[in-house]
Amino acid sequence: MTEAVEGAALDLKGQVAVVTGANSGVGKSAAELLARAGAGVTLVCRSRERGEPALADVRQAGAATGADVRLELADLSLQADVRTLADRLAARFRAIDILVNNAGVWLHRREITSEGFEVTFATNHLGHFLLTHRLLAPLAAGRGRIVNVSSEAHRNGDLRRAALEPIVRGDAWKGGFQAYGDTKLANALFTFESVRRWGARGITANAMHPGVLRTRIWRKNRSALGLLLHAARGLMAKPEVGGRAVMRLVADPARDAVTGRYFKVEDEVAATAQAYDADLARELWDRSLEWTGVTRSEGANGPGQPQ
Ligand SMILES: NC(=O)c1ccc[n+]([C@@H]2O[C@H](COP(=O)([O-])OP(=O)(O)OC[C@H]3O[C@@H](n4cnc5c(N)ncnc54)[C@H](OP(=O)(O)O)[C@@H]3O)[C@@H](O)[C@H]2O)c1
């Protein structure tokens, strides 16, 4: 990647960026690079305790450019939180240039939110689906560059293994790795369907795998695989590898018009076949509208596209 895209010489002054899961790992690294390039960055974190130190670090990274860096608290697994968050963001920003849907979990056991959804699905897919819909007007008013942080684990996803309802409710639970892969496949399906629905509004969306990285994601999973991967984290790349890959998608002029693609770190590759299943994408989208209560007035459709 060029020096400029790393942030040093890049100028994103005046641009507004929102990064979810910005207190650690890929999200924090991307936020630092965006601030270093002068973008105003809102860090979306679920905990003040972890968000405040990240806020200080990202402000420090953006000190030379005077970047306006703020912290917003929201639990992405809870739709009530996501709605409040989106309302605050939409009230503050008439235009949003960059949205990095990055927050993610990989759990070792089935957990259900107070709203009745399996937590991996609620966090990794539904929270971002809802947030993006609620921010559609400011995204369309700004550059509207969306990056959905997926994973190579999407290749293990299978949203045809059961009906979507029992998968999303946790009734078709087949372990944390299956749930994680299913949600990361959902990220790719959402990306490609959003391009079909919103492309005419000038919004772009790409899905990406940030690398196999030394982040906190492994530590939270207490399965044998989680413990093994946590133990092997010394062999993994730094989170900055993922942050730079995100940055390249939203800031490299050569990638400005690129949309509807899947990237493995910085290289475009084909996603798994199921990610291109347009019927599945439409079904997931329509069911996700129901699960999140997104209405037509919240901008569910692209211009002239019936729901
Ligand atoms: N690390 C890898 O090798 C790898 C590989 C492929 C894909 N990814 C993807 O990269 C993304 C970032 O993960 P990471 O590796 O950087 O892991 P990480 O360090 O654990 O970061 C995940 C971020 O998501 C936040 N988050 C989790 N659940 C949330 C919720 N309910 N509400 C709000 N925020 C929540 C976490 O907040 P807390 O600190 O509060 O938990 C944290 O800020 C994820 O989407 C992951 O699937 C990572």
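Our subject is the structure that appears above.
Residues numbered from 1 in each chain as written. Predicted model: local features only at pLDDT ≥ 70, side-chain atom pairs only at ≥ 80, totals over all residues. Heavy atoms only, no water.

A closer look at the overall build of the chain
Inference 1: Within the chain, the secondary structure is distributed over 10 helices and 8 strands.
Inference 2: For 307 residues, the compact-globule estimate of 2.2 N^0.38 gives 19 Å, and the chain sits close to it at 18 Å.
Inference 3: Counting only C-alpha atoms, the chain reaches 50 × 50 × 35 Å along its principal axes.
Inference 4: Relative to its 307 residues, the chain shows a buried fraction of 57%.
Inference 5: A separation threshold of at least 6 residues defines the contact pool for the chain, and within that pool the share at least 24 residues apart is 79%.
Inference 6: If you sum the accessible surface of the chain, you get close to 12000 Å²; carbon and sulfur atoms cover 50% of it.
Inference 7: Placing the 41 positive and 34 negative side-chain charges of the chain at their respective mean positions leaves the two points 2 Å apart. (Helix = DSSP H or I, 4+ residues; strand = E, 2+ residues; numbered from the N terminus. Rg over C-alpha atoms; globule rule 2.2 N^0.38 Å. Buried < 20%, exposed > 50% of the residue type's maximum accessible area, 1.4 Å probe, protein only. Contact = heavy atoms within 4.5 Å. Areas by Shrake-Rupley, 256 points an atom, 1.4 Å probe, with all protein chains shown as cover. Lys, Arg positive; Asp, Glu negative; His and termini not counted. Charge placed at Lys NZ, Arg CZ, Asp CG, Glu CD.)

A look at the packing of helix H4 (residues 119-134) against helix H7 (residues 176-198)
Inference 1: At their nearest, the axes of H4 and H7 sit 8 Å apart, and the two run at 15 degrees to each other. Put simply, H4 runs roughly parallel to H7. The handedness of the crossing between H4 and H7 comes out as right-handed. Judged by residue contacts, Thr120, Phe121, Asn124, His125, Phe129, Thr132 and His133 of H4 engage Ala179, Tyr180, Asp182, Thr183, Lys184, Ala186, Asn187, Phe190 and Trp198 from H7.
Inference 2: Across the contact of H4 with H7, the residue classes tally to 7 nonpolar, 7 polar and 2 charged. (Axes fitted to C-alpha atoms, helices over the stretch in contact; angles between N-to-C directions. Parallel < 35°, antiparallel > 145°, perpendicular 65-115°, else oblique. Left-handed = near helix turned anticlockwise from the far one by under 90°. Nonpolar A, V, L, I, M, F, W, Y, C, P; charged D, E, K, R; others polar.)

Structural notes on the sheet that holds strand S7 (residues 262-264)
Inference 1: The mixed open sheet is built from 8 strands, whose spatial order is S3-S2-S1-S4-S5-S6-S7-S8. Both outer strands of the open sheet, strand S3 (69-73) and strand S8 (267-269), are each paired with one neighbouring strand and no more. With strand direction ignored, the average angle separating the axes of adjacent strands in the sheet is 25 degrees. (Pairing = 2+ DSSP bridges.)

Considering the site of the ligand
Inference 1: The full set close to the ligand counts 31 residues, and Ser24, Arg50, Tyr180, Thr215 and Arg216 are the nearest of them.
Inference 2: Leu76 places a main-chain nitrogen or oxygen 2.8 Å from a nitrogen atom of the ligand.
Inference 3: Between an oxygen atom of the ligand and a main-chain N or O atom of Leu213, the distance comes to 2.7 Å.
Inference 4: Taking 880 Å² as the accessible area of the ligand by itself, protein coverage stands at 99%.
Inference 5: Along the lines of polarity and charge, the residues of the shell around the ligand split into 12 nonpolar, 13 polar and 6 charged. (Near = heavy atom within 4 Å. Polar contact = N/O pair within 3.5 Å; in protein donor to acceptor, adjacent residues only side chain to side chain.)

Some words on helix H1 (residues 25-36)
Inference 1: With 12 residues, H1 should reach 16 Å at 1.5 Å per residue; the first-to-last C-alpha distance of 17 Å fits that figure.
Inference 2: Counting buried positions over the 12 residues of H1 gives 11, a clear majority of the element.
Inference 3: Within H1, burial applies to Gly25, Val26, Gly27, Lys28, Ser29, Ala30, Ala31, Glu32, Leu33, Leu34 and Ala35.
Inference 4: Buried-residue contacts for H1 involve strand S1 (16-20), strand S2 (40-45), helix H2 (48-61), S3, strand S4 (98-101) and helix H9 (239-251).
Inference 5: Directly beyond the C-terminal end of H1, a positive phi value near 100 degrees is found at Gly38. (Expected span 1.5 Å × (residues − 1).)

Overview of the pairing of strand S6 (residues 204-209)
Inference 1: Burial within S6 is extensive, with 6 of its 6 residues counted as buried.
Inference 2: Two strands pair when backbone bridges link them, and strand S5 (residues 145-149) and S6 are joined in this way by 5 bridges, in the parallel orientation. Across the sheet, Asn148 pairs through a bridge with Ala207, a residue of S6.

Points about unusual backbone geometry
Inference 1: The residue Val265 is not glycine, and still its phi comes out positive at about 55 degrees.
Inference 2: Among the structural elements, Val265 can be located in the loop between S7 and S8.
Inference 3: Overall, Val265 belongs to the partly exposed group, its relative accessible area being 22%.

Concerning the nonpolar core
Burial of nonpolar side chains together is a common tendency in soluble globular proteins.
Inference 1: Leu12, Leu34, Val41, Leu43, Met208 and Met247 are the most contacted members of the largest nonpolar core, which has 36 residues in total.
Inference 2: Secondary structure elements with two or more residues in this core: S1, H1, S2, H2, S3, S4, S5 and H9.
Inference 3: Among residues more than four places away in sequence, those in contact with Leu34 are Leu12, Ala17, Val19, Ala39, Val41, Ile98, Met247 and Val250. (Core = buried A, V, L, I, M, F, W, Y, C linked by side-chain atoms within 4.5 Å.)

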